[in-house]
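Analysis of the macromolecular model
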Amino acid sequence: MFILNLNSFSLVTLYKSSHCKYPIIFSFPNLDLRNQTQNGSTLFNKPTSQIDTLGTKIYNTGQIYDCPINIQIRGSNRVHKYQSGFFSKSVSYAAKTSESEPSVEGEGGAISKSKDKTLQLALVFALWYFQNIVFNIYNKKALNVFPFPWFLASFQLFAGSIWMLILWSLKLQPRPKISKRFIIALLGPALFHTIGHISTCISLSKVAVSFTHVIKSSEPAFSVVISSILGDSYPLKVWLSILPIVLGCSLAAITEVSFNFQGLWCALISNMSYVFRNIYSKESLNCFKEVNGLNLYACISIISLFYLFPVAVIVEGSQWIQGYHKAIDAVSKSSTFYKWVLLSGIFYHLYNQSSYQALDDISPLTFSVSNTMKRVAVIISTILVFRNPVRPLNAIGSAIAILGTFLYSQAFAKNTHKTKD
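Cut-offs applied
Residues numbered from 1 in each chain as written. Predicted model: local features only at pLDDT ≥ 70, side-chain atom pairs only at ≥ 80, totals over all residues. Heavy atoms only, no water. Helix = DSSP H or I, 4+ residues; strand = E, 2+ residues; numbered from the N terminus. Buried < 20%, exposed > 50% of the residue type's maximum accessible area, 1.4 Å probe, protein only. Contact = heavy atoms within 4.5 Å. Areas by Shrake-Rupley, 256 points an atom, 1.4 Å probe, with all protein chains shown as cover. pLDDT = per-residue confidence, 0-100. Axes fitted to C-alpha atoms, helices over the stretch in contact; angles between N-to-C directions. Parallel < 35°, antiparallel > 145°, perpendicular 65-115°, else oblique. Left-handed = near helix turned anticlockwise from the far one by under 90°. Nonpolar A, V, L, I, M, F, W, Y, C, P; charged D, E, K, R; others polar. Phe/Tyr/Trp six-rings, centres within 6.5 Å; stacked < 30°, edge-to-face > 60°. Polar contact = N/O pair within 3.5 Å; in protein donor to acceptor, adjacent residues only side chain to side chain. Patch = residues over 30% accessible without salt bridge, like charges linked within 9 Å, V, L, I, M, F, W, Y side chains within 5 Å. Salt bridge = Lys/Arg side-chain N within 4 Å of Asp/Glu carboxyl O.

What follows deals with the overall build of the protein. The helix and strand tally for the protein stands at 14 helices and 8 strands. Across the 421 residues in the protein, those meeting the buried criterion constitute 47%. Residue pairs at least 24 apart in sequence account for 83% of intrachain contacts in the protein once pairs closer than 6 positions are excluded. Surface summary for the protein: the accessible area is close to 22,800 Å², and the carbon and sulfur share equals 62%.

See below:
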């Protein structure tokens, strides 16, 4: 056993040796843990995999040294031990008690935090699925009696913008730093977001919700083709994974009871627009990583509203008053129509908010698979609510398309890992 007693500022460097027979112990004597807890922690309240005080990359000690490392902090009343499985090939660590005092958490606390995090993530997923289902149901109900997708799409962006302005004004969400350069960078992604959103709404107004979502599951195929045209390359497995998507969507389209060419083309345009939005966002917003996902989406939505609403007035504004009276006659109660429109706007923003919260805590692969399963939940729920007739071949085609999306997620993730290696 090797014991290193470190003072308030000690620099320790480890180098890889040919063998390690004994455990290594770092001992920090005479640290006032009570003050450390009060002043907050910058190191030991995190897993050891996150310790990176000097920018050195962290590796698994078990794979490098084959020996355990123990960190001991000796306080006034007790000794706290941390067994670490992570350290770098050449690690420098400075114990600076004067600048930031590390607080201590036991194993029980770490397990409790892990469980809390899992429960929190499960709640976010549940809300994401539920909110998306509610949006699709009430959006379709509103479109059935008020077939003006340009108005509803504009209102949904408006509702989300008001929601975020309230959060920012009440300081429930940190405000993003707005600059001229940031706004210019948002113009491109917001334009493609606008096209994608209105195309989806038009498709939903023309065909069954389930059919729109089956066609929208083909977005990975558009992503691979467009990215390849722009210079990216993909292995054969990725290309093969999009074949079931194309086959399934084609089979679902030709057997769809509510088939409509405008509904089909708008769903395809939506896919293409969102792919361009993602590509353009990577290029133009790469310098603004300090803006979190929720704020970024909110800013894009606000700019999209300015894009969309003037065009909406030109395209169908003259028909809104007459359409409103017909919608009230169809539902008998004006409050029912107001509720449908309001809920479609609120839940449109909420499900996007939940999706960004989920993306912050999970890997892109897990998010992609979860998004695929979300489409399955939406398709099944809307079929049950609206009782849309489904032919056997249509169901088979939909299942093949969804399966293809899942296979694409797996193939793309493996390709990404190989590229990084």
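Residues at a pLDDT of 70 or more form 69% of the protein, whose mean pLDDT is 76. Strand 7 (residues 86-87) is the least confidently modelled element of the protein, averaging 37 in pLDDT, while helix 4 (residues 149-169) averages 95, the highest of any element. When the criterion is pLDDT under 50, residues 30-68 qualifies, and its contacts beyond four places in sequence or with other chains add up to 82 contacts. Between residues 71-102, whose pLDDT stays under 50, and residues either more than four places distant or in other chains, the model counts 112 contacts.

Along an α-helix, residues three or four apart share an orientation, since each turn contains 3.6 residues. The buried fraction of helix 6 (residues 209-216) amounts to 8 of the 8 residues, a majority that puts the element mostly inside the structure. All buried positions along helix 6 are accounted for by Val209, Ser210, Phe211, Thr212, His213, Val214, Ile215 and Lys216.

Our next topic: the packing of helix 5 (residues 180-206) against helix 9 (residues 261-284). Relative to each other, helix 5 and helix 9 sit at 160°, their axes nearing to 7 Å. Considering the angle they form, helix 5 stands roughly antiparallel to helix 9. Considering only the axes of helix 5 and helix 9, their crossing is left-handed. Partitioning the contact of helix 5 with helix 9 into residue classes produces 11 nonpolar, 13 polar and 2 charged.

So, on to the environment of Pro149. Within the fold, Pro149 resides in helix 4. You can call Pro149 buried: its relative accessible area is 7%. Remark: the alpha-carbon pair of Pro149 and Leu204, spanning 55 residues in sequence, is separated by 8.4 Å. What Pro149 contacts, discounting residues up to four positions off in sequence, is Leu143, Ile198, Cys201, Ile202, Ser205 and Glu316.

Unlike most non-glycine residues, Ser332 shows phi in positive territory, near 70°. By the element assignment, Ser332 lies in the loop between helix 11 (320-331) and helix 12 (334-361). Residue classification places Ser332 among the exposed positions, given a relative accessible area of 63%. Positive phi values are uncommon outside glycine, yet Arg387 reaches one of about 55°.

Bringing the environment of Ser227 into the picture now. With respect to the secondary-structure elements, Ser227 resides in helix 7 (residues 219-229). Separated by 49 residues in sequence, Ser227 and Phe276 place their C-alpha atoms 9.1 Å apart. Once residues lying within four places of it in the same chain are set aside, the contact partners of Ser227 are Asp232, Tyr234 and Ile279.

Let us now look at the packing of helix 6 against helix 8 (residues 236-254). Where helix 6 meets helix 8, the axes come as close as 9 Å, and the angle between the chain directions of the two elements is 155°. It follows from the interaxial angle that helix 6 and helix 8 lie roughly antiparallel. In the packing of helix 6 onto helix 8, the handedness of the crossing is left-handed. Contacts between helix 6 and helix 8 involve Phe211, Val214 and Ile215 from the former and Cys249, Ala252 and Ala253 from the latter. When its residues are assigned to classes, the contact of helix 6 with helix 8 shows 6 nonpolar, no polar and no charged.

Across all of its chains, the model carries 20 aromatic pairs by this definition. Ring plane angle 75° and centroid distance 6.1 Å describe the contact between Phe211 and Phe259, whose orientation is recorded as edge-to-face. Residue Phe211 is found in helix 6, and its partner Phe259 is found in the loop between helix 8 and helix 9; the two are separated by 48 residues along the sequence. Here Phe211 falls in the buried class, since its relative accessible area comes to 1%. Counting every residue linked through ring pairs, the aromatic cluster contains Phe146, Phe148, Phe151, Phe309, Trp320, Tyr324, Phe337 and Tyr338.

On to the side chain of Gln173, then. With respect to the secondary-structure elements, Gln173 resides in the loop between helix 4 and helix 5. A distance of 3.3 Å separates a polar atom in the side chain of Gln173 from a polar atom in the side chain of Asn295. Apart from residues lying up to four places away in sequence, Gln173 is in contact with Met164, Leu167, Trp168, Asn292, Leu294 and Asn295.

The grouping of Val225, Ile229, Leu230, Leu236, Trp239, Leu240 and Leu243 at the surface amounts to a nonpolar patch, some 710 Å² of accessible area in total. Of all elements in the fold, only helix 7 and helix 8 reach the threshold of two or more residues within the nonpolar patch. Per-element accounting of the nonpolar patch gives the leading share, 4 residues, to helix 8. Mapped onto the secondary structure, Leu240 falls in helix 8. With a relative accessible area of 44%, Leu240 lands in the partly exposed category.

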